[in-house]
Amino acid sequence: MAAQGPRRSPHAVGLAVAALTALLATLLPPAHGAADGGAGGPTPHIVGGSDADQVYPFIVAFTSGEQTYCAGAVLTEEWVVTAAHCVQDRSPEDVELRIGSTLRSSGGFSTTGAEFHPHPDFDWDAAGADIGLVRLSEPTSATPIELSEPAEPGTPSRLLGWGRSCPEPDCTEQPETLQQLDTEVIEPGECTDIAAESELCTDNPGGDSGACYGDSGGPQLIDTGDEWRLAGVTSRPGYDGDSCAQGPSIYTDVVSHADWIADTTGDARFRPDTP
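Residues numbered from 1 in each chain as written. Predicted model: local features only at pLDDT ≥ 70, side-chain atom pairs only at ≥ 80, totals over all residues. Heavy atoms only, no water.

1. A closer look at the layout of surface pockets
Of the pockets and cavities examined, the largest pocket occupies roughly 420 Å³. In this structure, the largest pocket is lined by 16 residues; those nearest its centre are Glu146, Leu147, Arg229, Arg269 and Phe270. The residue makeup of the lining of the largest pocket, split by class, is eight nonpolar, three polar and five charged. (1 Å grid on protein atoms, 1.4 Å probe; cavity = no way out; pocket = protein on both sides within 12 Å on 5 of 7 lines; lining within 4 Å. Points joined across faces, edges and corners; volume = space filled by probe spheres on them. Nonpolar A, V, L, I, M, F, W, Y, C, P; charged D, E, K, R; others polar.)

This is the structure we're talking about:
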């Protein structure tokens with residue numbers, strides 16, 4: 001993927017910067033996230049995934065210039081959720097948001113954001129709070145995604161993203177078609193430097209599949225049998241190292257941030273105690 005990806009764990013930041021500087025001179029210091037092309041850290045792409053087998057009307061591609069650097073999901077006709085490091089220190093008018101297409105550069109509905117809202121507690125060098133919201137410059141008619149129930153270890157899930165599909169830091173392969181990967185939530189202790197109360201440790205199937213540079217902010221989905229629900233957004237690797245998918249990934253637990261989403265959007269429906 002291009003410039004933004006899952007944030008690196010705090011102690012891996014220096015290694016990530018060194019590995020990416022030559023390749024991605026326009027990036028900010030790496031941190032949370034699994035995308036490849038943003039203002040922040042390394043961004044992952046899904047390694048070991050496959051082309052999307054269906055339309056996900058809520059999916060959003062974040063593109064700056066020619067680089068799709070992050071992803072997100074439509075929550076309401078006016079709001080999109082992503083990773084904080086996908087919107088931190090960026091100008092909404094400089095980012096194209098393509099909604100509802102499995103192709104990152106065509107189809108769907110193209111717009112921009114009116115406002116970027118990274119979580120106020122987000123810190124590049126600390127775990128947790130890697131969640132952001134985008135208020136769209138115009139409403140979308142795309143079908144939004146609802147939040148899931150809390151995802152416990154052992155919960156099957158699906159990852160989506162346009163990040164790199166090869167694991168090496170100097171690899172430049174980025175798919176045009178949205179990639180998907182089925183995996184599951186695992187015990188927090190399997191990930192390094194995780195905020196267990198607000199993040200999800202997510203398995204890397206076969207030891208070689210998972211999020212990579214460019215996947216940051218992409219949704220982690222739960223299948224209820226009737227529809228997809230949103231559990232998390234891609235944040236960063238859950239292990240030490242610069243190559244992608246060599247260990248589990250860390251996803252921000254969107255459900256645990258429901259009150260902040262309600263406060264920021266002014267939509268009380270996101271509060272856990274709201275019928």
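Having seen the model, we can carry on.
2. Overview of the pairing of strand S5 (residues 96-99)
Pairing of strand S2 (residues 59-64) with S5 involves four bridges; the strand directions are antiparallel. Looking at S5, one finds that phenylalanine 62 is bridged to leucine 97. Alignment of S5 against strand S6 (residues 109-111), held across three bridges, turns out to be antiparallel. Residue pairing for S6: arginine 98 is matched across the bridge by serine 110. (Pairing = 2+ DSSP bridges. Helix = DSSP H or I, 4+ residues; strand = E, 2+ residues; numbered from the N terminus.)

3. So, the packing of aromatic side chains
The final tally for this structure, using the stated rule, is four aromatic pairs. Taking the centre distance of 6.3 Å and the plane angle of 50° together, the rings of tyrosine 56 and tryptophan 228 count as tilted. Taken together, the residues tyrosine 56 in the loop between strand S1 (50-51) and S2 and tryptophan 228 in strand S14 (residues 228-237) connect sequence positions 172 residues apart. Looking at tyrosine 56, the relative accessible area reads 0%, which means it is buried. Through pairs of rings, three or more aromatic residues link up here, namely Tyr56, Phe58 and Trp228. The ring centre of tyrosine 69 lies 3.8 Å from the NZ or CZ of arginine 90, which sits over that ring. (Phe/Tyr/Trp six-rings, centres within 6.5 Å; stacked < 30°, edge-to-face > 60°. Buried < 20%, exposed > 50% of the residue type's maximum accessible area, 1.4 Å probe, protein only. Lys NZ or Arg CZ within 6 Å of the ring centre and 35° of its normal.)

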